[in-house]
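# A closer look at the structure
Here is how the chains run, residue by residue.
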Amino acid sequence: MLALFLAEGRDLLTRVEADLQLLAAEPAAREAQESIFRSLHSLKGMSATVGFDEAAATLHAAESLLEMVRDRGVMERQECLLLIDVGDALRSALDAAEQGIAPDAPLAELTIRLAELTPRTSPARGARTRDNATRTVQRATSVNGASWRVEVRIAADSAMPSARALLVQRRLAAIAPVLRVAPDADAQAADTWDRALTLWLGHAADAPALDAALIARTALLAGEVADCQVAREVERREVMPHAQGRTVRIPVERLDDLLDLVGELVLARDRLVRSVPTSDETARQALDDASRLITQLRDAVLVSRMVPLSEVFDRFPRHVRETAQALGKDIDLVLEGRELEVDRSLLDELSDPIMHLLRNAIDHGLETSDARVAAGKPAHGRLVVRAARDGSMVAVTVADDGRGVDRAHVAARAAAHGVPDADALAQDDQGLLQLLARPGLSTARSVTALSGRGVGVDAVLTRVQSLGGRLDLATASGTGTAITLRLPLSVAMLRALLVRVAGETYSIPLSTVHATHRAEALQLHAPASGSVDVEIDGEVMRVVSLRSHLGLPAADDVYGHLVVLEGATGRVALYVDACTSQQEIVVKPLQRVRGAARTFSGGTILSDGTPSLILDINTLP
Amino acid sequence: MSHRILVCDDALFMRTLVGDILQQAGFTVCGQAETGAQAVAQYKALKPDLVTMDIVMPDMGGIDAVKAITTWDPNAKVVMCSAMGQQALVNEALQAGASDFVVKPFQPNRVIEAVQRVLG
């Protein structure tokens, strides 16, 4: 249907253009005037039918102008030029519709100019046309990422409906991000505003109990609200051509189940591959085909779990505004890469660490306006949250242009806490991060209600590492601080190093592994008897025996492997019986049983069908 | 214990009117201010549960007073009292941190409703 509309619409516009050229030469050509009128009228009806309200409004105004021209008998040059502009704008609107993108043609503006050229329209009617046109534009638009649409009517006896509308917006903003309000404040200020307001609310992950009744109750709390209708919005992702209106909402649990099943399917395939003899040519061929399809299926399931970062990013403006307000700071927030897609499970994990970093930046990094001006900086602090793909990882950077981390201060605090070589460590960004991430080492000069209790950076680092990611710091005195967290795009699948201890296979996220070494080459003495230090490549680090960590008896075999891990507080060498292989694993969450030791972050089934636990390296002593 | 309210308006008539409305509804008027500067000083001294704030006042206007009060106490609850036709100023006051507003001429029930909404 859309294709037909587009094709016929373009035909009509071509005819209009030809008629306008004729009229430019012969302004009194009656037949051309009639023809344009009919073409525009047809296009108007078609546009309204397919929901192109904005175009319909413009065409309606053009039609009125044509009526006047027809009555007068002659088309003025000015009118002809304007109609040519209208034709161009409509054509680009059709092009945009075909590509599934929002039109940027200035249709609303053209509607107004058309109305201005039609003096038969009384001023009052002109104003209303303008207002209607504006509203149509806004109401015809859907909002990306919106979960709820709230229609509010301000009471007729409200003396200040737009101020009341602002209160409605603010009440709702307290329970969910308000992504858009229509009409906007300027249109509300017009006398012709009909007191109807539409608000689009985003996803509020921190308020899972959000429902229509709660939203309506909250809106009514603003007072002078005559009516409130709440509707669930079909969430729109990136506007995809041809895919609009063909979206299905699926509970994330079902996608989890689907991923689990695909994971099992992959394992079953691997078992099958091993059991089918290579001599059986036909079976091998069939198996290869099935294998390829299973891999494609797995990728398709993983892709279906991808959601844009905007779902969490869109919560930051409010968070930052409130925090900045509470701390009396002026901050400009810049969000980049909110359209980047990540696995659903990762999205939920990203929010808290980023919130932590934002809070730290606002509290400690950014100065007050007075201090900034005194330092020759713009009065407003700048806070940037930038997301980008980095190979198979997503990198999210929180950068401020504040005072930077005070290395001497951090070093002094760390030394006071008994950290050796704190001065040397603090000179280097990565060393500084290690110091900052020391549990309990708060560098805040004063503890505020918002941060500075020393749980910030170490909490973030622990969280990020348990997800198989890493944290990087860059800071310069007086110019600012940037902290980048890198996480795998999908936390449901990860590459693991498989190690053996006492006949069992354990998985270690490969992203946390720095290196592996044969232990006997390092002349390690009795590693199983507890924690000792070892020197590897000139660096002294603790050795932790996985056997004793798991409460298993010491091994008879003195030969083993050391796996060097990037821990929250520096490198640790993990002593294991053997490193066996690397493998892509599907992470399954573990039920936490009766206060069991938090040694493992999850479990998985290996390709040979044996279960394996995934080691949480942050729980190592 | 009834809520304590600070009433700010440069006109004694208005302060009295608002005060009467509030007292009849069972609220306590704990203080009055004639200028924005007085309002800020009184707020810090009295720490009232709520403030009613006129917009146009000499010395320091109501909007600046709202800014000063909400900077000092981000949880401050301020209800603006505005004349007809000052919608832009009311919007500005709401942006500055005011919680609600009532429009003159005051209808007692409107004032009470606004105060109760804000006190939750």
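In this convention, every chain numbers its residues from 1, walking through the sequence in written order. The lettering of chains begins at A and the numbering of ligands begins at 1, in the order of writing. In keeping with the model being predicted, local features are shown solely for residues with a pLDDT of at least 70 and side-chain atom pairs are shown and tallied solely at 80 or more, while totals for entire chains, interfaces and linings include all residues.

The numbering of helices and of strands both runs from the N terminus, where a helix is a DSSP run of H or I of at least 4 residues and a strand a run of E of at least 2. For chain A, the count of helices and strands is 20 helices and 21 strands. Split into buried and exposed, the 621 residues of chain A put 37% on the buried side. Once C-beta atoms are placed from the backbone, any two residues with those atoms within 7 Å are in contact. A separation threshold of at least 6 residues defines the contact pool for chain A, and within that pool the share at least 24 residues apart is 67%. Burial is judged by counting other C-beta atoms within 10 Å of a residue's own C-beta: 20 or more means buried, 12 or fewer means exposed, and anything between counts as partly exposed, with every C-beta placed from the backbone.

Residues and elements named next belong to chain B. The first and last C-alpha atoms of helix 1 (residues 12-24) sit 18 Å apart over 13 residues, in line with the 18 Å expected at 1.5 Å per residue. Burial in helix 1 covers these residues: V18, I21 and L22. Buried residues along helix 1 cover an arc of 95 degrees about the axis, so they all sit on one side. Exposed positions of helix 1 whose direction lies more than 90 degrees from the buried face are L12, F13, D20 and Q24. For a helix, the expected span equals 1.5 Å multiplied by the residue count minus one. Think of the arc as the fan of directions from the helix axis to the C-beta atoms.

Bringing the pairing of strand 3 (residues 196-202) of chain A into the picture now. Residue and element names in this part refer to chain A. The element strand 3 is extensively covered by neighbouring structure, given that 5 of its 7 residues are classed as buried. In this structure, strand 1 (residues 146-154) lies alongside strand 3, joined through 7 bridges in antiparallel fashion. What sits directly across from E151, in strand 3, is T198. Strand pairing follows a simple DSSP-based rule, namely that at least 2 bridges must link the two strands. Judged from the 4 bridges that link them, strand 2 (residues 178-182) and strand 3 form a sheet pairing that is antiparallel. Directly across from R180, in strand 3, lies its bridge partner W200.

Attention now goes to unusual backbone geometry. Residue and element names in this part refer to chain A. Of note, the amide linkage connecting A182 to P183 takes the cis form, showing an omega dihedral of -5 degrees. As for its placement among the helices and strands, P183 is situated in the loop between strand 2 and helix 8 (185-189). Despite not being glycine, R195 has its phi angle at roughly 70 degrees, a positive value. The residue R195 is located in the loop between helix 8 and strand 3 in this model. The backbone of E224 shows a phi angle near 55 degrees, a positive value even though the residue is not glycine. Along the chain, E224 falls in the loop between helix 9 (212-220) and strand 4 (225-232).

This part is about the pairing of strand 15 (residues 532-536) of chain A. Residues and elements named next belong to chain A. Where strand 15 lies against strand 16 (residues 539-545), 5 bridges are found, and the strand directions are antiparallel. Bridge assignment links E535 to a residue of strand 16, and that residue is V540. Between the end of strand 15 and the start of strand 16, which pair antiparallel, lie 2 residues, with D537 showing a positive phi angle near 50 degrees.

Grouped together as the largest cluster of nonpolar side chains are 62 residues, with contacts concentrated most on V150 and L201 of chain A together with V51, M53 and M80 of chain B. For this core, the leading source of residues is helix 7 (residues 161-173) of chain A, giving 6 residues. With sequence-adjacent residues up to four places away left out, V150 of chain A is seen in contact with L172, T198, L199, L201, I215, A219, C228 and V230 of chain A. By definition, a nonpolar core groups buried Ala, Val, Leu, Ile, Met, Phe, Trp, Tyr and Cys residues that are joined through C-beta atoms within 7 Å.

Once that is clear, we can look at the packing of helix 10 (residues 252-275) of chain A against helix 11 (residues 281-304) of chain A. Residues and elements named next belong to chain A. Orientation of helix 10 relative to helix 11, taken along the N-to-C sense of each, is 160 degrees, at an axis distance of 10 Å. In terms of axis orientation, helix 10 runs roughly antiparallel to helix 11. Remark: the crossing between helix 10 and helix 11 carries left-handed chirality. For the pair helix 10 and helix 11, contact is made by L255, L258, L259, V262, L265, V266, R269, L272 and V273 and by L287, A290, S291, I294, L297, R298, V301 and S304, respectively. Residue type decides the class: Asp, Glu, Lys and Arg count as charged, Ala, Val, Leu, Ile, Met, Phe, Trp, Tyr, Cys and Pro as nonpolar, and the leftover types, Gly among them, as polar. Grouping the amino acids of the contact of helix 10 with helix 11 by side-chain chemistry returns 13 nonpolar, 2 polar and 2 charged. To obtain an axis, a line is fitted to C-alpha atoms, over the contacting stretch when the element is a helix, and the angle between two such axes runs from 0 to 180 degrees between their N-to-C directions. Oblique is the label for any angle not under 35 degrees, not over 145, and not in the 65 to 115 range, which are roughly parallel, roughly antiparallel and roughly perpendicular in turn. Left-handed describes a crossing whose near helix is turned anticlockwise from the far helix through less than a right angle; right-handed describes the clockwise counterpart.

This brings us to the sheet that holds strand 2 of chain A. All names here are of chain A. Read from one edge of the open sheet, 4 strands run 2-3-1-4, paired in antiparallel fashion. The strands lining the two open edges of the sheet, one partner per strand, are strand 2 and strand 4. Each neighbouring strand pair of the sheet contributes to a mean axis angle of 20 degrees, computed without reference to strand direction. As paired elements, strand 1 and strand 4 share 7 bridges and run antiparallel to each other. What sits directly across from I154, in strand 4, is V225. Where helix 9 meets the sheet, it contacts strand 1, strand 3 and strand 4, and its direction lies at approximately 155 degrees from that of strand 4.

All names here are of chain A. Contact geometry of helix 7 with helix 9 gives a least axis separation of 8 Å together with a crossing angle of 140 degrees. Here helix 7 lies oblique to helix 9, going by the angle between them. Along this stretch, helix 7 crosses helix 9, giving a crossing that reads as right-handed. Judged by residue contacts, V168, R171 and L172 of helix 7 engage I215, T218 and A219 from helix 9. Looking at side-chain class alone, the contact of helix 7 with helix 9 contains 4 nonpolar, 1 polar and 1 charged residues.

Residue and element names in this part refer to chain A. With respect to the helices, strands and loops of the structure, E367 is situated in the loop between helix 14 (344-365) and helix 15 (369-374). With 35 residues separating them in the primary sequence, E367 and G402 have C-alpha atoms 6.0 Å apart. E367 has contacts with R372, G381, G402 and R403, leaving out every residue within four places of it along the chain.

Our next topic: the confidence of the model for chain A. Residue and element names in this part refer to chain A. A score between 0 and 100, pLDDT records how confident the predictor is in each residue. For chain A, the average pLDDT comes to 78, and 83% of its residues sit at 70 or higher. Segment residues 235-245 is flagged for pLDDT under 50; beyond a separation of four residues in sequence, or across chains, it makes 15 contacts in the model. This model gives residues 444-455 a pLDDT under 50, and the stretch forms 23 contacts once residues within four places in sequence are excluded.

What follows deals with the sheet that holds strand 6 (residues 331-336) of chain A. Strands pair in a sheet through their backbones, by hydrogen bonds, and they do so in one of two ways: parallel or antiparallel. All names here are of chain A. Here 5 strands make up an open sheet; going across it, the order is 6-8-9-11-10 and the pairing mixed. Edge positions in the sheet fall to strand 6 and strand 10 (470-476), since each has one partner strand and no second. Strand-to-strand twist of the sheet, defined as the mean angle between neighbouring strand axes without regard to direction, takes the value 15 degrees. Bridge count for strand 6 against strand 8 (residues 381-390) is 6 bridges, and the pairing is parallel. Looking at the pairing, D332 lines up with R382 of strand 8. The strands that helix 14 touches are strand 6, strand 8, strand 9 (393-400) and strand 11 (480-488); relative to strand 9, the one it contacts most, it runs at about 20 degrees.

A few words now on the environment of N618 of chain A. All names here are of chain A. Relative to the helices and strands, N618 resides in the segment after strand 21 (611-615). For N618, a count of 19 C-beta atoms within 10 Å translates into the label partly exposed. Spatially, the C-alpha atom of N618 lies 9.6 Å from that of S601, the residues being 17 residues apart in sequence.

Residues and elements named next belong to chain A. For helix 13 (residues 316-327), which comprises 12 residues, the first-to-last C-alpha distance of 16 Å matches the rise-based estimate of 16 Å (1.5 Å per residue) to within 8%. Within the sequence span of helix 13, burial applies to F316, V320 and A324. In an axial view of helix 13, the angular spread of the buried residues amounts to 55 degrees, which keeps them on one side of the axis. Close packing links the buried residues of helix 13 with helix 12 (310-313), strand 6, helix 14 and strand 8. Once helix 13 finishes, G328 follows within two positions and takes phi at roughly 65 degrees, a positive value.

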